[in-house]
Amino acid sequence: MPALQHRLEDFLRAPVAAAFFVLASRNDLSVDDLADPATACTAASTALRELNPWSGTAPAARTAAVAAARSLRPLIRSVLSDERNSWWQAPLRHDAQLLLTGQEDQQPTPDAVPVPTGAIAAWESYAQKPLQSLITSTELSVPAGEPIRCSAHAELACGSSDWNAVYPVRQQRLHVAEGARVAEVHSAADWHELVVRYGDPATHPGSDGSLARSADLDNGLAPTWSAVAEDYDGVHLSFAGLLSALHVPTTSTGVGTTTLWAWEWERTHWIRPAFTATTELPELPEPPQAASCWLSLG
């Protein structure tokens, strides 16, 4: 199957991607509108807010979004084939990583990122992330005055997750060492492959019952982060991965089903120090103001 057709099918079956395009269509956003990175990130955060696993309506919302997106195939194909959106599935940009830290956020400093050790903890399996990691989001190519400068800014503006940042939020631009080893997640298959390679079914505490009851999601096995850290310094979820991997179950023999669900914006989880320079940027005194978080799916 040609690459574009394969990506199109991935997006059509992915609830977040489907919701993204349904919202775009209902708000009359054109191919040109969606080629603006700030607009795309805000639309993604709005879609994720609509699919909140704890809303009580998440399964129905996912099903409805996927069904409604089927008629939008021409729009989705046009957006995916637009060269202006090549950044969606680009590898990590070493010179454009933004670290946003609220007053009560517990993140390590860039020069002291702890390396995971031992077996995966129950919370790490549930949350699909290390107990302690530094999280960056890639700076977008947007005009100087644009408040949405990365996917994390869109999250702060639209509130699709449980990140209740206490302001002011510190902002730093980190430069990643050229030799840094970064695992790339651009699809549900990429996440599943990471789990297959680094997960340990023998120590898996089991999928989360509350998540299954509320959202009908089976989070499944997660990578053992100490094993990932032997080969990589960080794991990057691209914007394409955000849209096409979240809430998409993937199953294989021996591992069972995995479903990435807890990474709510384009991000990299750093599990080793990998930075050569840090630049302080002006603090955010309040949440950034997106042009619009748009209408809901309902």
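Structural notes, computed from the coordinates. (Residues numbered from 1 in each chain as written. Predicted model: local features only at pLDDT ≥ 70, side-chain atom pairs only at ≥ 80, totals over all residues. Heavy atoms only, no water.)

### What about the packing of helix H2 (residues 15–26) against helix H5 (residues 58–69)?
Two measures define how a pair of helices packs: the angle their axes make with one another and the distance between the axes. Our working rule: To obtain an axis, a line is fitted to C-alpha atoms, over the contacting stretch when the element is a helix, and the angle between two such axes runs from 0 to 180 degrees between their N-to-C directions. Numbering of helices and strands runs from the N terminus, with a helix taken as a DSSP run of H or I at least four residues long and a strand as a DSSP run of E at least two residues long. The scheme is simple: roughly parallel for angles under 35 degrees, roughly antiparallel for over 145, roughly perpendicular for 65 to 115, oblique for anything else. Crossing handedness follows the turn of the near helix against the far one: under a right angle anticlockwise gives a left-handed crossing, and clockwise gives a right-handed one. By the convention used here, residues are in contact when the closest approach between their heavy atoms is within 4.5 Å. By the convention adopted, Pro, Cys, Tyr, Trp, Phe, Met, Ile, Leu, Val and Ala count as nonpolar, Lys, Arg, Asp and Glu as charged, and the other residues, Gly among them, as polar.
Contact geometry of H2 with H5 gives a least axis separation of 8 Å together with a crossing angle of 60 degrees. It follows that H2 is oblique to H5 by the angle criterion. Between H2 and H5 lies a crossing of left-handed hand. For the pair formed by H2 and H5, the contact residues are Pro 15, Ala 18, Ala 19, Val 22 and Arg 26 on the first element and Arg 62, Ala 65, Val 66, Ala 68 and Ala 69 on the second. Considering only residue class, the contact of H2 with H5 consists of eight nonpolar, no polar and two charged.

### Re the packing of aromatic side chains
Stated precisely, the cut-off is as follows: Working definition: a ring pair exists when centres of Phe, Tyr or Trp rings (six-membered ring for Trp) sit within 6.5 Å. Plane angles under 30 degrees give stacked, over 60 give edge-to-face, the rest tilted. A simple rule labels every residue: compare its accessible area, found with a 1.4 Å probe on the protein chains alone, to the largest value its type can have, and call it buried under 20%, exposed over 50%, or partly exposed in between. Sitting over a ring, as applied to charges here, requires NZ of Lys or CZ of Arg to be within 6 Å of the ring centre and within 35 degrees of the ring normal.
A complete count under the given rule lists 14 aromatic pairs for this structure. Seen in terms of ring centroids, Trp 163 and Trp 265 are 5.0 Å apart; in terms of plane orientation they differ by 25 degrees. Their pairing is stacked. Highlighted residues: Trp 163 in the loop between helix H8 (151–158) and strand S3 (169–176) and Trp 265 in the loop between strand S7 (256–258) and strand S8 (267–270), separated in sequence by 102 residues. When sorted by exposure, Trp 163 lands in the same class as Trp 265, which is buried. Aromatic ring contacts, followed pair by pair, group Phe 11, Phe 20, Phe 21, Trp 87, Trp 88 and Phe 239 into a single cluster. Here the guanidinium or amino end of Arg 267 rests over the ring plane of Trp 265, the centre of that ring lying 3.9 Å away.

### Some details on unusual backbone geometry
Tyr 167 connects to Pro 168 through a cis peptide bond whose omega is 5 degrees. Following the sequence through the fold, Pro 168 ends up in the loop between H8 and S3. In this structure, Asp 28 is a non-glycine residue whose phi angle is positive, near 60 degrees. You can see Asp 28 is positioned in the loop between H2 and helix H3 (31–34). Unusually for a residue other than glycine, Gln 128 sits at a positive phi of about 60 degrees.

### Describing the nonpolar core
Going by this rule: Residues belong to one nonpolar core when they are buried, are Ala, Val, Leu, Ile, Met, Phe, Trp, Tyr or Cys, and are joined through side-chain atoms within 4.5 Å.
By size, the foremost hydrophobic cluster in this structure holds 71 residues, and its most contacted members are Phe 11, Phe 20, Phe 21, Trp 88, Phe 239 and Leu 243. The element contributing the most residues to this core is H2, with nine residues. Not counting residues within four places of it along the chain, the set of residues in contact with Phe 21 comprises Phe 11, Leu 34, Leu 72, Leu 75, Ile 76, Val 79 and Trp 88.

### Here we look at the pattern of salt bridges
To keep it simple, the criterion reads: What counts as a salt bridge is simple: a side-chain nitrogen of Lys or Arg found within 4 Å of a carboxyl oxygen of Asp or Glu.
The final tally for this structure, using the stated rule, is 11 salt bridges. Measuring nitrogen to oxygen at the nearest pair gives 2.8 Å for the salt bridge that ties Arg 173 to Glu 139. Here Glu 139 lies in the loop between strand S2 (134–138) and H8 and Arg 173 lies in strand S3, a separation of 34 residues in the sequence. With relative accessibility at 12%, the residue Glu 139 sits in the buried group. Shared partners join several salt bridges into a network, and the residues in it are Asp 32, Asp 82 and Arg 84.

### Comments concerning the side chain of Asp 233
The residue Asp 233 is located in the loop between helix H11 (225–231) and strand S5 (234–237) in this model. On the basis of relative accessibility, which here comes to 9%, the residue Asp 233 falls in the buried class. Excluding its chain neighbours within four sequence positions, the residues that come into contact with Asp 233 are Ala 180, Arg 181, His 269, Trp 270, Ile 271, Arg 272 and Ala 274.

### Details of the packing of helix H1 (residues 3–13) against helix H6 (residues 73–80)
Contact geometry for H1 and H6: axes closest at 10 Å, N-to-C directions at 125 degrees. With respect to H6, the axis of H1 lies oblique. Seen along the crossing, H1 lies across H6 with a hand that is right-handed. Contact residues: Leu 4, Gln 5, Arg 7, Leu 8, Glu 9, Phe 11 and Leu 12 in H1; Arg 73, Ile 76, Arg 77 and Leu 80 in H6.

### Focus on the side chain of Thr 250
Within the fold, Thr 250 resides in strand S6 (residues 250–252). Sequence-distant contacts of Thr 250, defined by excluding residues within four places in its chain, comprise Ala 188, His 192, Gly 256, Thr 257 and Thr 258.

Purely geometric stuff here, so don't read any function into it on its own.
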